Amino acid sequence: MESVHHVSTSSKILFSKVRKIVPPMLERFHKGQLGRVAVIGGCVDYTGAPYFSAMASARLGCDMSHVICERSAASVIKSYSPNLMVHPLLPSSETVQNPNSIDVSALASPIVSMLSRLHVLVIGPGLGRDGVTLKVVAEVMKEARSRSVPFVLDADGLLLVMENPNLVKGYKECILTPNVVEFGRLVKALGIQVPSQDQVKVTPGEDRTSKETEACEELSNALGGVTVIQKGPHDVISNGVTSIVSDIPGGLKRSGGQGDTLTGSLGTLLAWRSAYHDRLWDSGEQDNVREASTKAEVESELETGGKRMSPATTLLLVAWAGSGITRECSRRAFQAKGRSMQASDLTDEVHGSFLSLIGEPSGSKVNL
Ligand SMILES: NC(=O)C1=CN([C@@H]2O[C@H](COP(=O)(O)OP(=O)(O)OC[C@H]3O[C@@H](n4cnc5c(N)ncnc54)[C@H](O)[C@@H]3O)[C@@H](O)[C@H]2O)[C@@H](O)CC1
Ligand SMILES: Nc1ncnc2c1ncn2[C@@H]1O[C@H](COP(=O)(O)OP(=O)(O)OP(=O)(O)O)[C@@H](O)[C@H]1O
Ligand SMILES: [Mg+2]
């Protein structure tokens with residue numbers, strides 16, 4: 001493994017726990033078992049965001065990477081990469097006869113029928129704000145939730161939460177990834193009075209990170225314990241009970257589209273997490289007698305080895321790992337490209353970042 005001198009000791013312990021939920025590369029696995037992830041996004045205005053997200057999923061290591069987008073975006077996204085499966089299934093006001101009278105469930109049904117074949121949805125990258133599209137995506141979210149399909153919500157997908165928080169309230173298999181501005185909009189929509197990272201004020205002696213963490217916890221709690229990653233100079237992650245900060249160094253260029261590396265990475269990590277809990281392989285850990293839910297229990301699972309981790313712990317760990325990978329991609333890409341760095345440069349760094357931060361799990365037959 002390459003040296004990771006910029007990662008603190010506690011981060012090293014956490015990455016060793018993340019490695020436990022990465023499936024080893026084994027001859028017995030068949031296509032699809034290491035992850036089937038679909039990004040729902042891509043419209044007439046934005047084709048880059050869903051592409052970056054889906055490519056991050058693929059480069060991190062999922063087997064199948066889908067994009068479900070609006071018709072006008074499909075050929076464009078296909079032309080970026082033959083590796084992605086692109087489905088022009090999202091309707092918009094331009095493609096339905098009467099945007100004011102639509103049969104939402106009929107329009108959502110081709111997407112809903114894919115859910116049984118998918119492990120994870122990433123909803124929002126480049127989705128746009130068309131009213132018809134958003135209504136159909138809200139319907140897909142309800143169906144995904146009723147089938148316990150985990151999802152990541154970002155960008156325009158977060159608008160749906162602002163409009164109807166009940167779509168996600170209390171759903172534990174869900175990660176929201178607001179940037180500073182989106183965080184501010186979410187707290188406003190939910191009527192809670194907490195500052196986003198850029199609004200936090202500290203008096204001498206007060207700890208800024210604690211205040212940021214409290215704010216993130218409050219948003220999570222207002223949504224019934226949904227996991228929130230508030231992106232910024234460092235990423236603050238909370239499920240309302242336990243919080244964790246991701247402060248691995250990133251790059252200094254703030255080009256658009258870096259959030260898409262995060263959502264795509266989270267897609268694959270969530271698929272691997274499902275495989276871990278489904279016991280796709282023997283992780284070598286002892287069974288856990290009791291599921292962790294309190295802060296002390298989750299922290300104990302994060303700090304000690306040898307025992308299988310609970311879903312609350314692995315969700316937090318996946319969120320933290322996705323953030324770490326993205327920031328490491330950004331650091332590497334910035335080192336290579338300086339101020340010319342673009343979002344696509346992060347895509348090229350996903351595998352190297354995975355290897356340096358997490359590394360192949362024991363048992364992986366990568367050197368055939
Ligand atoms: N290549 C692409 O196709 C890209 C598409 N994108 C899509 O573009 C759509 C709109 O996304 P936006 O993020 O622009 O959202 P918004 O249109 O809501 O704009 C957010 C605004 O906040 C500003 N901002 C961001 N961070 C800030 C901070 N820390 N402090 C102060 N201001 C800050 C940004 O400059 C931006 O003007 C989404 O669908 C998104 O997925 C973006 O992800 C960028 C890349
Ligand atoms: N000031 C900063 N210093 C270091 N890293 C940052 C900073 N701001 C954001 N990041 C990192 O950049 C990544 C994307 O976060 P950002 O806030 O740019 O999201 P976004 O605005 O949604 O991006 P996108 O353009 O993809 O929509 C995250 O991994 C975050 O940790
Ligand atoms: Mg964004």
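Whatever comes next refers back to the structure up there.
All of these numbers come straight from a predicted model, not from anything done at the bench.

> Please give an account of the overall build of the protein chain that cites residues and values.
Each helix and strand counted, the protein chain has 13 helices and 9 strands in total. Computed over the C-alpha atoms, the radius of gyration of the protein chain is 20 Å, within 12% of the 21 Å expected from 2.2 N^0.38 for a compact globule of 368 residues. Reported as C-alpha extents along the three principal axes, the dimensions of the protein chain are approximately 60 × 60 × 50 Å. Counting every position in the protein chain, which comprises 368 residues, the buried fraction comes to 55%. Relative to all contacts within the protein chain whose residues are 6 or more apart in sequence, the contacts with residues 24 or more apart total 70%. Summed over all atoms, the accessible surface of the protein chain reaches about 15800 Å², with 49% contributed by carbon and sulfur. Where the 38 positive side-chain charges of the protein chain centre and where its 39 negative ones centre are 2 Å apart.

> Tell me about the sheet that holds strand 4 (residues 120-123), residues and numbers included.
Taking strand neighbours across the sheet as the criterion, the 9 strands line up as 3-2-1-4-5-6-7-8-9 in an open arrangement whose pairing is mixed. Edge positions in the sheet fall to strand 3 (85-90) and strand 9 (243-246), since each of these pairs with one other strand and no more. This sheet shows a mean twist of 20° between the axes of neighbouring strands, independent of strand direction. Strands strand 6 (174-176), strand 7 (227-230), strand 8 (235-238) and strand 9 of the sheet are contacted by helix 11 (residues 311-337), whose axis makes an angle of about 10° with strand 9.

> Give me the lowdown on the pairing of strand 3, citing residues and values where you can.
Inspection of the sheet shows strand 2 (residues 64-70) paired to strand 3 by 4 bridges, in the parallel sense. Across the sheet, residue His66 finds its bridge partner in strand 3, namely Met85. In this region the chain leaves strand 2, passes through helix 3 (residues 71-80) and returns to the parallel neighbour strand 3; the handedness of that crossover is right-handed.

So, how was this worked out
Think of each chain on its own: its residues are numbered from 1, step by step along the sequence as written. Working convention: letters from A go to chains and numbers from 1 go to ligands, in the order in which they are written. pLDDT decides what is reported in this predicted model: residues at 70 or higher carry local features, side-chain atom pairs at 80 or more are listed and counted, and totals for whole chains, interfaces and linings draw on all residues regardless. Side-chain descriptors were evaluated using all non-hydrogen atoms of the structure, hydrogens and water having been removed beforehand. In this text, helices come from DSSP runs of H or I with a minimum length of four residues, and strands from runs of E with a minimum of two, each type numbered from the N-terminal end. Atoms counted for the radius of gyration: C-alpha only. Globule rule: 2.2 Å times the number of residues to the power 0.38. Buried means the residue's accessible area, taken with a 1.4 Å probe over protein chains only, is under 20% of the maximum for its type, while exposed means over 50%, and partly exposed covers the values in between. Note on contacts: a residue pair is in contact if any heavy atoms of the two residues lie within 4.5 Å. Surface accessibility follows the Shrake-Rupley procedure with a 1.4 Å probe radius. Residue values consider only the protein chains on display as shielding. Charge counting follows a simple rule: Lys and Arg are positive, Asp and Glu are negative, and His as well as the terminal groups are ignored. The location of each charge is read from NZ of Lys, CZ of Arg, CG of Asp or CD of Glu. Paired strands, in this sense, are two strands between which DSSP finds at least two bridges. Fitted lines through C-alpha atoms give the axes, limited to the stretch in contact for helices. The angle between two N-to-C directions lies from 0 to 180 degrees. The definition of a right-handed crossover adopted here requires that, viewed with the strands pointing away, the path from the first strand over the helix to the second runs clockwise.

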